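# Survey of secondary and tertiary structure
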Amino acid sequence: MTDSTPVGRVTVALENAGYQRLASGLQVGELKFQFPAAFVKAKSSAELILVADIASESEAQLTRKVDGVARALDIAASTRSLTLVVTGPRPSAAALESLGRVCRVLPTGNITGDDGDEVLKNWLAVLLPLSLPEPESVSSNSLARIYAAAQNLDENTRKLIDVASLGERAVSKELYSIIDAAAVQAKEKNI
């Protein structure tokens, strides 16, 4: 069964990206903090990610909790960077500014529509692995593009392009052949 709540969707996205959910909640030193979810990346990042739902608590409460976490991390001399993912209605500009003083804030906005997964992916992009298109063979594609572009060129140029894949000697040989043929034609016209 999947959790279709905004916090559940964020949780799935982060877990799929290799983040580990703190099962027992967030604890810094002796202090425990209540957030719907908290994550760390075990191997390669010193990032602490908190997930909050602004629909279930006020902006003031959220700001106090996040300030408390930031202060506790400072006191513990932690080097972890802090990111807050906020689900639900977008916080006010004042709240975003206040939260932004102590952590990176990623408000997801409305992720319940048909394009919700794409919107969420865009908001969490800085946390997710970069996906690149499959590399293509540069040489085969460039030759294919040259062949396609050469369809409108004259026959002699197409012959040179056809033998290009065989190397410099083949091109030289074909070029000499074209020059010889042109010389013979010119001679025949003058006779």
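These lines cover the structure that appears in this document, whether it is placed above or below. (Residues numbered from 1 in each chain as written. Predicted model: local features only at pLDDT ≥ 70, side-chain atom pairs only at ≥ 80, totals over all residues. Heavy atoms only, no water.)

## Quick notes on the packing of aromatic side chains
Worth spelling out the cut-off: Aromatic pairs are defined between Phe, Tyr and Trp rings, using the six-membered ring for Trp, whenever the two ring centres lie within 6.5 Å; interplanar angles under 30 degrees are classed as stacked, those over 60 as edge-to-face, and all others as tilted. Whether a charge lies above a ring is judged from NZ of Lys or CZ of Arg, which has to be within 6 Å of the ring centre and within 35 degrees of the ring normal.
Using the criterion set out here, one finds 0 aromatic pairs in the structure. The ring of Tyr 19 carries the charged tip of Lys 41 above its face, separated from the ring centre by 4.8 Å. Of note, Lys 65 hangs over the ring of Phe 35, and the distance from its end group to the ring centre comes to 4.4 Å.

## Here we look at the sheet that holds strand E7 (residues 104-109)
Defined as follows: A pair of strands is treated as paired once DSSP finds two or more bridges between them. Counting from the N terminus, the helices are DSSP H or I runs at least four residues long and the strands are E runs at least two residues long.
Strand order across the open sheet formed by 5 strands is E1-E4-E5-E6-E7, with mixed pairing between neighbours. Where the open sheet ends on each side, the last strands, each with one partner, are strand E1 (20-21) and E7. Where strand E4 (residues 37-40) lies against strand E5 (residues 47-53), 4 bridges are found, and the strand directions are antiparallel. Counterpart to Val 40 in the pairing with E5 is Leu 48.

## Thoughts on the nonpolar core
Basically, it comes down to this: Within this scheme, the nonpolar core is defined by two criteria: the residues are buried Ala, Val, Leu, Ile, Met, Phe, Trp, Tyr or Cys, and they are joined through side-chain atoms within 4.5 Å. Relative accessibility thresholds used throughout: buried, under 20% of the residue-type maximum; exposed, over 50%; partly exposed, between the two (1.4 Å probe, protein chains only). What makes two residues a contact is simply this: any of their non-hydrogen atoms within 4.5 Å.
The biggest cluster of nonpolar side chains holds 23 residues, and the ones touching the most others in it are Leu 26, Phe 35, Leu 50, Leu 62, Val 69, Leu 82 and Leu 84. Looking at this core, the elements with two or more residues in it are strand E2 (26-28), E4, E5, helix H2 (59-75), strand E6 (81-87) and helix H3 (93-100). In terms of residue count, H2 provides more of this core than any other element does, 6 residues in total. Residues contacting Phe 35, with those up to four places away along its chain left out, are Leu 26, Leu 50, Val 51, Ala 52, Leu 62, Lys 65, Val 66, Val 69 and Leu 84. Of all hydrophobic cores here, the second largest spans 16 residues; its members include Val 10, Val 85, Leu 120 and Leu 124.

## Observations concerning the pattern of salt bridges
Operational definition: Any Lys or Arg side-chain nitrogen found within 4 Å of a carboxyl oxygen on Asp or Glu counts as a salt bridge.
In total, this model carries 5 salt bridges according to the counting rule given. The salt bridge partner of Glu 47 is Arg 104, with a shortest N-O separation of 2.3 Å. Here the residue Glu 47 occupies a position in strand E5, and Arg 104 occupies one in strand E7, the gap between them amounting to 57 residues. On the basis of relative accessible area, Arg 104 is assigned to the partly exposed category, the value being 34%. Across the pair Arg 101 and Glu 97 runs a salt bridge whose closest N-O atoms are separated by 3.1 Å. Of the residues examined, Arg 101 reaches a relative accessible area of 63% and is grouped as exposed. A relative accessible area of 49% places Glu 97 in the partly exposed class.

## A short note on the side chain of Arg 9
The line we're drawing: We call two N or O atoms a polar contact when they sit within 3.5 Å, provided that within protein one can donate a hydrogen and the other can accept it, with sequence-adjacent residues counted only if both atoms are side-chain atoms.
Assignment of secondary structure puts Arg 9 in helix H1 (residues 6-16). For Arg 9, a relative accessible area of 18% translates into the label buried. Reaching out from Arg 9, the side chain makes a polar contact with the backbone oxygen of Ile 111 at a distance of 2.3 Å. Those residues in contact with Arg 9 that sit more than four places away from it in its chain are Asp 3, Ser 4, Ile 111, Thr 112, Gly 116, Asp 117 and Leu 120.

## Some points on the pairing of E4
Where a strand is regular, its side chains alternate between the two sheet faces. Burial of the side chains of E4 extends over both faces: Ala 37 and Phe 39 are buried on one face and Ala 38 and Val 40 on the other. Here E1 runs beside E4; their pairing, made up of 2 bridges, is antiparallel. Each residue of the ladder has a partner; that of Arg 21, found in E4, is Phe 39.

## Here we look at unusual backbone geometry
Phi is positive for Ala 77, close to 55°, though the residue is something other than glycine. Taking the relative accessible area as the measure of exposure, Ala 77 reaches 62% and is therefore exposed.

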